[in-house]
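The residues making up each chain are set out below.
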Amino acid sequence: MQATPVSHIVIAGGGTAGWMTAAYLARWLDGVDICVTLVESELIGTVGVGEATVPGIRQFIKHLEVKESEFIKATNATFKLGIHFEGWAAPEQSFFHPFAGYGVDLEDRPFYKSWWSAKAQGYRAELDEFCLCTQLAKAGKFAQPSFDSASRLAWYNYAYHFDASLFAKYLRGYAEQRQVKRVEGKISQVHLNPDSGCIQSLELESGVCVEGDLFVDCSGFNALLIEKALGVAYEDWSHWLPCDSALAVQTRSNIAPDPFTRSIARSAGWQWHIPLQHRAGNGYVYSSQHITHDQARHELLSNLRGEPVTDPRLIRFTTGIRTEFWHKNCVAIGLSSGFLEPLESTSISLIQTGINKLAGFLVNFEIQAKHVAEANRLNRLEYERIRDFIILHYALNGRSEPLWQQVRAMPIPATLAEKVEIFTATGDIHLLEQESFVEGSWVSMFYGFGLNPRDAGAVQDAQKLQLLMDKMRSAVYQGAQYALSHQEFLKTLS
Ligand SMILES: Cc1cc2nc3c(=O)[nH]c(=O)nc-3n(C[C@H](O)[C@H](O)[C@H](O)COP(=O)(O)OP(=O)(O)OC[C@H]3O[C@@H](n4cnc5c(N)ncnc54)[C@H](O)[C@@H]3O)c2cc1C
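All figures in this text were calculated on a predicted structure; none of them were measured in a lab.

A. Just the pattern of salt bridges, in detail. Evaluated as defined, the whole model comprises 27 salt bridges. For the salt bridge of aspartate 128 with lysine 138, the shortest nitrogen-to-oxygen distance reads 3.2 Å. In this pair, aspartate 128 is assigned in the loop between α4 (111-120) and α5 (132-138) and lysine 138 in helix α5, connecting sequence segments 10 residues apart. For glutamate 205, the salt bridge identified is with lysine 186, shortest N-O distance 3.9 Å. In this pair, glutamate 205 is assigned in the loop between β11 (199-204) and β12 (209-211) and lysine 186 in the loop between β9 (181-184) and β10 (187-192), connecting sequence segments 19 residues apart. One connected set of salt bridges, linked through shared partners, spans Glu40, Glu42, Arg182 and Glu184.

Next up, the structure:
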């Protein structure tokens, strides 16, 4: 394929992926002579459930040059310091995955290694006592991290929970104010150039044709352009991640919102609880091979915090990846490019990194084969790394129901097996290219599931080390003590 210049970008679909892409491009292309059109059908609607995020979302808000307080108000957002996993390691146990690392490095090695060495010698403090982010979350508090601070203990990150429909509405307003053109209508045909096989135009049921030179497929699970028109295959990963269904329901909030997402293991999957300012999002992700939809509905409704305000909505999915996320003049962003269950809230972040690749590899506003190939390579790696991290939650579970026994016994990808092997031997975290989850996240999983390294290395001076650790622990305790409650913090923004 020759380098193809781009002067008109057409986005098919107006869910979270479509409007995030439109808003990003509107800002990025400010002053550049490239038009952006978005086509969506109100009749089809959106999946509308992506409400928990990871810290990368803050970069997106920053790119748009929007004030955080304005964004929080417009989307009824709350702060998220991490995820509380309940009943995964064993039915009555829980642990926290913070958006942070642990402690301050000691003896020229990562803190977690020193802690594991000290633990092997009888030191009793828990690892998460060295994480301010975790302690704030557990106390229902929130404070802005302080990267200027001399103390590494104040270096953590955060994300948001927001209302998905308000988020899309907000982005739509933002994009339309910046010259993105919206066309309402159902796409009935995708016309290809007979010579190049590239997409030429989208034909709507009304007969209107929308032409362009670069098309972004944000049509969700329909994958109208990338799959139905261009025939790019989908690689199924359900042999590793067998959950294939979700029931989503909203509840009234009658308690102050937690500054974290809850993920609660259930008989055949797990339940999410995402607290917003005005309501909560809930759902049950499960394997339909292990529970019927009716049973899952009953299990979900019996375990809600708060009264339901909607009927549970069933969503079916197949975990996997589009074999090429960029093919010819079409880039798939959002659910059309692949799906990993929302256990670590990674879909919106994959939308974001998809958009970054689109912008980063559209060098000189041209489509060039070598850049397309590199974007595809990086996209696959990124998906695989997240896939491995999610599989780890299942592989280490300590439950007894059939699904949980099955996923504990299944073979895991070699890349993940190697990480687990290196950690259990030495306590080292082995990161690969394109990891979304860095050391702190992997450590939180190994620690949370009760995995210990056989030999984390020798301690130089055990007494001195433990004294320093105690000091750190008390600094964390004090930091958490003086913070405002999450609710009070939110009030300061209004
Ligand atoms: C159960 C579940 C829970 C999730 N939770 C999270 C979470 O907590 N965090 C997270 O990051 N992600 C989560 N996700 C993923 C998240 O919901 C999606 O990544 C996000 O909503 C993006 O969806 P989308 O825009 O790709 O697709 P959709 O929302 O389905 O949008 C598709 C768009 O394409 C349009 N369209 C389709 N066909 C046509 C046509 N023929 N003509 C015109 N328009 C058309 C539709 O009208 C719509 O506008 C979750 C997903 C599921 C299934």
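B. Spatial organisation of the environment of alanine 89. Checked against the element boundaries, alanine 89 lands in the loop between β5 (82-86) and β6 (94-98). For alanine 89, a relative accessible area of 14% gives the class buried. A C-alpha to C-alpha distance of 31 Å links alanine 89 and aspartate 311, two positions 222 residues apart in sequence. When sequence neighbours within four positions are dropped, the list of residues in contact with alanine 89 reads Asn397, Gly398, Gly448 and Phe449.

C. Structural context of the sheet that holds β9. Strand order in the open sheet made by the 6 strands is β9-β3-β2-β13-β22-β21, with mixed pairing throughout. Pairing within the sheet leaves two strands with one partner each, and these edge strands are β9 and β21 (326-327). Of the strand pairs in this sheet, strand β2 (residues 8-12) and strand β13 (residues 214-217) are connected by 4 bridges, and their pairing is parallel. Of the residues in β13, the one forming a bridge with valine 10 is phenylalanine 215.

D. Examining the domain arrangement of the chain more closely. Domain parsing of the chain yields domain 1 (4-77 + 162-234 + 319-385), domain 2 (97-158 + 392-486) and domain 3 (245-316). Between domain 2 and domain 3, the C-alpha centre-to-centre distance is 28 Å. Contact with domain 2, which involves 11 residues of that partner, is made by 12 residues of domain 3. For the pair domain 2 and domain 3, the summed buried area comes to about 840 Å², and 65% of that belongs to carbon and sulfur atoms. Three residues, Leu403, Trp404 and His486, lead the burial of domain 2 against domain 3; their summed loss comes to 48% of the area buried on that side. At the boundary of domain 2 with domain 3, the tally comes to 0 salt bridges. The interface formed by domain 2 and domain 3 contains 5 residue pairs in polar contact (both at pLDDT 80 or more). The greatest single-element share of the side of domain 2 that touches domain 3, amounting to 4 residues, is contributed by helix α11 (residues 402-409). Class assignment for the residues of the side of domain 2 that touches domain 3 results in 5 nonpolar, 3 polar and 3 charged.

E. Spotlight on the sheet that holds β11. Taken in spatial order, the 3 strands make up an open sheet running β10-β11-β12, and their pairing is antiparallel. In the strand order of this sheet, the two ends are held by β10 and β12, each with one partner. On average, each strand axis in the sheet is inclined to that of its neighbour by 25°, with strand direction left out of account. Pairing of β11 with β12 involves 3 bridges; the strand directions are antiparallel.

F. Structural context of helix α1 (residues 16-28). Taking 1.5 Å per residue as the helical rise, α1 with its 13 residues ought to reach 18 Å, and the 18 Å between its terminal C-alpha atoms agrees with that figure. In terms of burial, α1 is largely enclosed, as 11 of its 13 residues are buried. Among the residues of α1, those classed as buried are Thr16, Ala17, Gly18, Trp19, Met20, Thr21, Ala22, Ala23, Tyr24, Leu25 and Ala26.

G. How the structure looks around the packing of aromatic side chains. All chains considered together, the criterion is met by 33 aromatic pairs. Centroid distance tryptophan 88 to tyrosine 394: 5.5 Å. Interplanar angle 70°. Geometry classified as edge-to-face. Taken together, the residues tryptophan 88 in the loop between β5 and β6 and tyrosine 394 in helix α10 (residues 369-395) connect sequence positions 306 residues apart. Judged by relative accessible area, tyrosine 394 falls into the buried class, the value being 1%. Summarising the aromatic geometry, the rings of tryptophan 116 and phenylalanine 423 are spaced 5.0 Å apart at their centres and angled 70° between planes, so their arrangement reads as edge-to-face. Taken together, the residues span a long stretch of sequence, with tryptophan 116 in helix α4 and phenylalanine 423 in helix α12 (residues 414-426) at a distance of 307 residues. With a relative accessible area of 0%, phenylalanine 423 lands in the buried category.

H. Geometry of the site of the ligand. The ligand sits among 35 residues. The nearest are Gly14, Ala52, Ile187, Leu335 and Ile348. Between the ligand and threonine 16 there is a distance of 3.3 Å, counted from an oxygen atom to a backbone nitrogen or oxygen. Within the backbone of serine 41, a nitrogen or oxygen atom sits 3.0 Å from an oxygen atom of the ligand. Burial of the ligand by the protein chains amounts to 97% of its free accessible area of 1,000 Å².

I. Structural detail: the packing of α1 against helix α2 (residues 57-64). Interaxial distance between α1 and α2 falls to 9 Å at its minimum, and their mutual angle equals 45°. Classified by the angle between their axes, α1 and α2 sit oblique to one another. Regarding α1 and α2, the two cross each other, and that crossing is left-handed. Two secondary-structure elements touch here, α1 through Met20, Ala23, Tyr24, Arg27 and Trp28 and α2 through Ile57, Phe60, His63 and Leu64. A per-class count over the contact of α1 with α2 returns 7 nonpolar, 1 polar and 1 charged.

Rules behind the numbers
Residues numbered from 1 in each chain as written. Predicted model: local features only at pLDDT ≥ 70, side-chain atom pairs only at ≥ 80, totals over all residues. Heavy atoms only, no water. Salt bridge = Lys/Arg side-chain N within 4 Å of Asp/Glu carboxyl O. Helix = DSSP H or I, 4+ residues; strand = E, 2+ residues; numbered from the N terminus. Buried < 20%, exposed > 50% of the residue type's maximum accessible area, 1.4 Å probe, protein only. Contact = heavy atoms within 4.5 Å. Pairing = 2+ DSSP bridges. Domains from an automatic or database assignment. Buried area = accessible area lost by both parts, 1.4 Å probe. Polar contact = N/O pair within 3.5 Å; in protein donor to acceptor, adjacent residues only side chain to side chain. Nonpolar A, V, L, I, M, F, W, Y, C, P; charged D, E, K, R; others polar. Axes fitted to C-alpha atoms, helices over the stretch in contact; angles between N-to-C directions. Expected span 1.5 Å × (residues − 1). Phe/Tyr/Trp six-rings, centres within 6.5 Å; stacked < 30°, edge-to-face > 60°. Near = heavy atom within 4 Å. Areas by Shrake-Rupley, 256 points an atom, 1.4 Å probe, with all protein chains shown as cover. Parallel < 35°, antiparallel > 145°, perpendicular 65-115°, else oblique. Left-handed = near helix turned anticlockwise from the far one by under 90°.

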